[in-house]
Amino acid sequence: MIGIIITTCSRLMLFIWFSERVIEVENYWLIFPIGLRIDLILLSYIAILPCLLIVLLPDNWLNKIGKFIRYYFIAFLFLLLLMELSTPNFLLQYDTRPNRLFVEYLVYPREVFGMLFKSFFWIMSIALLVLLVFGYLFFKKSKQWFEILPASSYKFKLLMLPIVAFLLFFGARSSLTSKRPINASDAVFSTDQFTNCLALNSLYTVGFAIYSLKDEENIVKMYGELPIDEALSRVKKYMTTTDSDFKNKEIPLLHLQKSTHKREKPYNLVIFLQESLGAEYVGSLGGLPLTPNFDALTKEGLLFTNLYATGTRSVRGIEALTTGFLPTPSKSVVKLGKSQNGFFTLADALKRKGYQTSFVYGGSANFDDMASFFNGNGFDNIIDEKDYAKSDYDFKGNWGVSDESLIKKGNQLYASYKDKPFFSLMFSSSNHEPFEFPNGKIELYDKKKNTVNNAIKYADYAIGEFFKLAKNEAYYNNTVFIVIADHNTRTWGKDLIPVNKFHIPALIIAPNIGEGITYDKLCSQLDIPPTLLDIIGIDIETPMVGRNIYELNEDTKGRSIMQFYTTNAFRVGNDLIVLQSGKNPVQFKIDENDNLSPSTLNNDLAKDALGHIITASNQYTSRIYKLPN
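Note that the structure is a prediction, hence the values are computed from the model and not measured.

Draft legend 1. Representation of the pairing of strand β2 (residues 268-274) in the model. Counting buried positions over the seven residues of β2 gives seven, a clear majority of the element. Across the two faces of β2 the burial is the same, with Asn268, Val270, Phe272 and Gln274 and Leu269, Ile271 and Leu273 all buried. Note that β2 and strand β9 (residues 479-485) share seven bridges and pair parallel. The residue bridging phenylalanine 272 from the neighbouring strand is valine 483, located in β9. Across five bridges, the pairing between β2 and strand β8 (residues 422-427) is parallel. Following the sheet pairing, isoleucine 271 is matched in β8 by leucine 425.

Draft legend 2. Local environment of a nonpolar patch on the surface. Among the surface-exposed residues, Ile163, Phe166, Leu167, Phe169, Phe170 and Leu176 lie close enough to one another that they form a single nonpolar patch of about 590 Å² accessible area. Inspection of the secondary structure puts phenylalanine 169 in helix α8 (residues 154-173). On the basis of relative accessible area, phenylalanine 169 is assigned to the partly exposed category, the value being 47%.

Draft legend 3. Representation of the nonpolar core in the model. Judged by nonpolar contacts, the single largest core of 167 residues is most densely connected at Phe304, Phe359, Tyr414, Phe466, Ile484 and Ile508. Setting aside residues no more than four positions away along its own chain, phenylalanine 466 makes contact with Phe272, Ile407, Asn411, Tyr414, Met426, Tyr475 and Phe481. Counting 14 residues, the second largest nonpolar core, distinct from the first, contains Tyr308, Val499, Leu522 and Phe588.

Draft legend 4. Structural view of the packing of helix α12 (residues 228-236) against helix α20 (residues 603-621). Their axes nearest at 8 Å, the elements α12 and α20 cross at an angle of 110°. As far as their axial angle goes, α20 and α12 are roughly perpendicular. Here Ile228, Glu230, Ala231, Leu232, Arg234 and Val235 of α12 lie close against α20, whose contacting residues are Asp604, Lys607, Asp608, Gly611, His612, Ile614, Thr615, Asn618 and Gln619. Grouping the amino acids of the contact of α12 with α20 by side-chain chemistry returns five nonpolar, five polar and five charged.

Draft legend 5. View of helix α14 (residues 314-323). Most of α14 is tucked away: 10 of the 10 residues are buried. Among all positions of α14, only Ser314, Val315, Arg316, Gly317, Ile318, Glu319, Ala320, Leu321, Thr322 and Thr323 are buried. Directly after α14, the chain includes glycine 324, whose backbone phi takes a positive value near 70°.

Draft legend 6. Quick peek at the pattern of salt bridges. Tallying each qualifying case throughout the model produces 25 salt bridges. Note that lysine 409 and aspartate 392 form a salt bridge whose closest N and O atoms lie 3.2 Å from each other. Of this pair, lysine 409 sits in helix α17 (residues 403-416) while aspartate 392 is found in the loop between β5 (381-383) and β6 (396-397), placing the two residues 17 residues apart along the sequence. Judged by relative accessible area, which is 15%, lysine 409 ranks as buried. We note a salt bridge from lysine 589 to aspartate 575, for which the minimum N-O separation is 2.7 Å. Here lysine 589, found in strand β17 (residues 586-590), pairs with aspartate 575, found in strand β16 (residues 575-579); they are 14 residues apart in sequence, far enough to count as distant. A relative accessible area of 14% places aspartate 575 in the buried class. Several salt bridges converge on common partners, so that one network encompasses Glu230, Arg234, Lys237, Asp604 and Asp608.

Each value, and the rule that gives it
Residues numbered from 1 in each chain as written. Predicted model: local features only at pLDDT ≥ 70, side-chain atom pairs only at ≥ 80, totals over all residues. Heavy atoms only, no water. Buried < 20%, exposed > 50% of the residue type's maximum accessible area, 1.4 Å probe, protein only. Helix = DSSP H or I, 4+ residues; strand = E, 2+ residues; numbered from the N terminus. Pairing = 2+ DSSP bridges. Patch = residues over 30% accessible without salt bridge, like charges linked within 9 Å, V, L, I, M, F, W, Y side chains within 5 Å. Areas by Shrake-Rupley, 256 points an atom, 1.4 Å probe, with all protein chains shown as cover. Salt bridge = Lys/Arg side-chain N within 4 Å of Asp/Glu carboxyl O. Core = buried A, V, L, I, M, F, W, Y, C linked by side-chain atoms within 4.5 Å. Contact = heavy atoms within 4.5 Å. Axes fitted to C-alpha atoms, helices over the stretch in contact; angles between N-to-C directions. Parallel < 35°, antiparallel > 145°, perpendicular 65-115°, else oblique. Nonpolar A, V, L, I, M, F, W, Y, C, P; charged D, E, K, R; others polar.

Structure, rendered in structure tokens:
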């Protein structure tokens, strides 16, 4: 009863808080009956151990374990309350209840708790106060609440065992007719994932996320089955290669990409990765007027106007841009064990061609296991916050030194290479909650300083400063630059997959590429690495499935692939297939504003979508996404 009171009150408060958004959903009231069902499932699981102990053990034993049962209930009720109090912050930041990401972030307490206290101080303070008051109440009243009274007889308890066992089984399974227990998938009653998640409770979503980790390599269980040969064939048909280009049976996606910009001395390559820069904040893409420097630079290069990120986290963007690997419901390969060495990256491929390789960052490279992944996969030089002397920066925030200090460090490194070819990933961090940046650098867009709009304007200022520095160096005229986002700030919306929140900017500036031109066809972050390799003027073997835009026919439809937690979206032109764990695929039409409307399922297109996930899983688990030794 206490557990149901906690979860129901929390759900009611969240409903009131986000009511303007929730009431737009048809049958939104279902969050309450569905929520009660999910709450009973969770509480039934929690009750199994103490209930069985009480029924099976004689009274003299119960006296000895009474304290254990008391603290057992206190611990779970406290945890249930803690997770519900943690939920508003998480919803505001990630548009869903706490999930696997919540658990992953606990590994980085300095960055995460620093961000929370700076950005959500009052919410955190109230939550902490509530937690302390209720924790004290639980402890004081628990002896009275959870006292175990002696039974009339042990025989009576044994007679009650089948009834108790049935009720616990029914409560935890929540169904006697379905082939599988009720789970989070059964809470999906609308196309608005945010409203769907309110029907759950946060201890359940975190527990379910941890439990589901065992299915990370079992894509079949999540999305369905497809033979690997068919999956590979469906992936290859979207590539700009022919069957004769695949000559290595052990590495089935390996192929030779020939440059259409072939040159005797290939260019250097710098990927300037922008933290959380969605298209909605970029003036030249019809967004807010926050990027005057980026907008001015579009007159000097190639602007992608219809580009979509593969995910919602930095490591997913890094995965796409440095490895070209397809997104899956698993963690990014940056964090997975089998990809920590011997995994294909641009750094490894270009290092074999004589390039110097580096990763330049203003924060801690250990965050999200970036340093480990880069170190094992071709990046020779990893620069992070510990490599900045005090004279190198005048500002340091929660996520490291400012972007201004970052670009100065990057420019110094690139100039030091002189005539040696180099590849570098330079990753900004100022545009990240709690949005800290130096004073006096920009004219604030919002009156309050530490906002996303102001942080983006500062990040844009750093972009402009970087190109001013680079243009004064010898390496500038021999380098291909791309300024591109890893993902948007917050990915939220009423649809199963909020497509508009995956729209990101990218701008390539390079010698002889053209000035003030745009690429307007739909494309993905996955298409960027092959395109960059073409522009630097090098023939190279890769297993990447992304498409070099210079090899695409005009009549070929654009494609993008987006991973939103466990939901995978596969888009070809204006047709979108959405795959959800444990559910049948659904299809939508996308209009010019990225709004979705249901349409009839194209089974062949759905198999193409599944084929990409099956292929990615097979490539990772079999460790065949690599270059030959």
